Amino acid sequence: MTLRPVKQTIPALETSDGAGVRIKRSIGQQQTIRMDPFLMLDEFGSDQPQDYIAGFPSHPHRGFETVTYMIEGHMLHEDHLGNRGNLKNGGVQWMTAGRGIVHSEMPQQESGRMRGFQLWLNLPAAEKMKPAGYRDLQPEDIPGFEVDGARLKLIAGEVTLGGVKMAGAVTGGSTQPLYIDLHLEPEGALSLPVEAALNAMLYLYEGNATLRHDEQAQPLAVATASILGDGDEIRVEAGPEGARLLLIAGRPINEPIVQYGPFVMNTRGEIEQTLKDFRDGRLTA
Ligand code: FE
């Protein structure tokens, strides 16, 4: 097996979105900074209510999926289909915007800490106009695995660990998304196969860790998308504080992307049609 190196780093930038929620955006901070099939990764984390309390009032999407992973906190999702979902500590919301969804994501807490991630996963042309869908995954729906020195929460995809194949809460999909929250103990290490055909990145969000490549240990920067190069395995080694990081991988779609805010299509013409549909109330019809 060949260990994947860090090929590019994208430090997250502080910005705000929705009605004024403070976030750190790594991929997606510019439309040229992406990792196919992923469009955007936002980290939110604050114990100051003014950083999150305004939430994300009603807004539309078309052409992709959003995956929200709440580490700590409580948000309520509501959409035009009538779905209501409580997203709490350790839960995940997997929303397929498809041809169109209008939803809101509002904090259900007035104090305390809110912490988590929102990932945007693109859909190929053939699936952009499929019906909208929504899945609410409670913490107990997300398989967790423990190995020596590490714990994994397998949100999406399949991984082989110690010769045993493990399945995440969400599997399949044309881009085979792999989404794992890795917790390493102090000085803990973990090797994982990550299929060579998948684009992959690591996002260290707490602690310190290095990525092993040949004789080198490449340091992973915190709050930074570390895009990985060729190979079919990763080995992460934590420092004295331990580490928490996301492993995100997927099969590239390799299609043109035209994004206009919350709409992600293949051509300008499709974006114009989407804006027209939204104006005419046909996004969700
Ligand atoms: Fe949204």
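A short tour of the structure in this document, coming up. Every value quoted in this text rests on a predicted model; they were computed, and no experiment measured them.

### Looking at the sheet that holds strand β4 (residues 38–46)
- Read from one edge of the open sheet, seven strands run β2-β3-β4-β11-β6-β9-β12, paired in antiparallel fashion. The sheet is open, and its two edges are formed by β2 (13–17) and β12 (133–137), each paired on a single side. Averaged over all adjacent pairs, the angle separating strand axes in this sheet is 20°, with direction ignored.
- Sheet analysis places strand β6 (residues 64–72) next to strand β9 (residues 92–96), joined by five bridges and oriented antiparallel. By the bridge assignment, Y69 is partnered in β9 with V92.

### A short note on helix α1 (residues 268–279)
- Over its twelve residues, α1 runs 17 Å from end to end, which matches the ideal 16 Å to within 8%, given 1.5 Å per residue.
- The complete set of buried residues in α1 reads I271, T274 and D277. Along the axis of α1, the buried residues cluster in a sector spanning 120°; they form a single face. The exposed residues of α1 that point more than 90 degrees off its buried face are R268 and R279.

### Things to note about the coordination of the iron ion
- H59 (NE2), H61 (NE2) and H103 (NE2) make up the full set of protein donors to the iron ion, lying at 2.1 Å.
- Mapping the donors of the iron ion onto the primary sequence yields the spacing H-x1-H-x41-H. In terms of burial, H59 and H61 fall into one category: buried.

### Some details on the sheet that holds strand β7 (residues 74–79)
- Ordered by their spatial adjacency, four strands build an open sheet running β5-β10-β7-β8, and the pairing between neighbours is antiparallel. The sheet is open, and its two edges are formed by β5 (56–61) and β8 (84–88), each paired on a single side. Adjacent strand axes in the sheet meet at a mean angle of 20° when their direction is disregarded.

### Topic: the pattern of salt bridges
- Within the structure shown, the criterion is met by 15 salt bridges.
- Residue E72 pairs with R113 through a salt bridge whose shortest N-O separation is 3.9 Å. One end of the pair, E72, is in strand β6; the other, R113, is in the loop between β10 (101–107) and β11 (114–122), and 41 residues separate them in sequence.
- Taking the relative accessible area as the measure of exposure, E72 reaches 30% and is therefore partly exposed.
- Note that R115 and E206 form a salt bridge whose closest N and O atoms lie 2.7 Å from each other. Here the residue R115 occupies a position in strand β11, and E206 occupies one in strand β19 (residues 199–213), the gap between them amounting to 91 residues.

### With respect to the packing of aromatic side chains
- Evaluated as defined, the whole model comprises five aromatic pairs.
- With a centroid separation of 6.3 Å and 85° between ring planes, the pair formed by Y69 and Y179 is classed as edge-to-face. Pair noted here: Y69 is in strand β6 and Y179 is in strand β17 (residues 178–184), with a separation of 110 residues, a long-range link.
- By relative accessible area, which is 1% here, Y69 ends up buried.
- Residue Y179 is classed as buried on the basis of its relative accessible area of 1%.
- An angle of 70° between the planes, with centres 5.1 Å apart, marks the rings of F117 and Y205 as edge-to-face. Taken together, the positions of F117 in strand β11 and Y205 in strand β19 put the pair 88 residues apart, joining distant regions of the chain.
- Residue class for Y205 comes out buried when judged on its relative accessible area of 6%.

### Quick look at unusual backbone geometry
- Omega for the bond connecting D36 with P37 falls within 30 degrees of zero, at 10°, which places this linkage in the cis form.
- Tracing the sequence through the fold places P37 in the loop between β3 (21–25) and β4.
- Positioned with a positive phi, E187 is a non-glycine residue whose angle comes to about 65°.
- With respect to the element layout, E187 can be found in the loop between β17 and β18 (189–193).
- E187 sits in the exposed class, given a relative accessible area of 56%.
- Its identity is not glycine, yet N254 carries a phi of approximately 55°, on the positive side.
- One can find N254 in the loop between β22 (233–250) and β23 (258–260).

What counts and what doesn't
- Residues numbered from 1 in each chain as written.
- Predicted model: local features only at pLDDT ≥ 70, side-chain atom pairs only at ≥ 80, totals over all residues.
- Heavy atoms only, no water.
- Pairing = 2+ DSSP bridges.
- Helix = DSSP H or I, 4+ residues; strand = E, 2+ residues; numbered from the N terminus.
- Axes fitted to C-alpha atoms, helices over the stretch in contact; angles between N-to-C directions.
- Expected span 1.5 Å × (residues − 1).
- Buried < 20%, exposed > 50% of the residue type's maximum accessible area, 1.4 Å probe, protein only.
- Arc of directions from axis to C-beta.
- Donors = N, O, S within 2.8 Å, 3.2 Å for Na, K, Ca; no water.
- Salt bridge = Lys/Arg side-chain N within 4 Å of Asp/Glu carboxyl O.
- Phe/Tyr/Trp six-rings, centres within 6.5 Å; stacked < 30°, edge-to-face > 60°.

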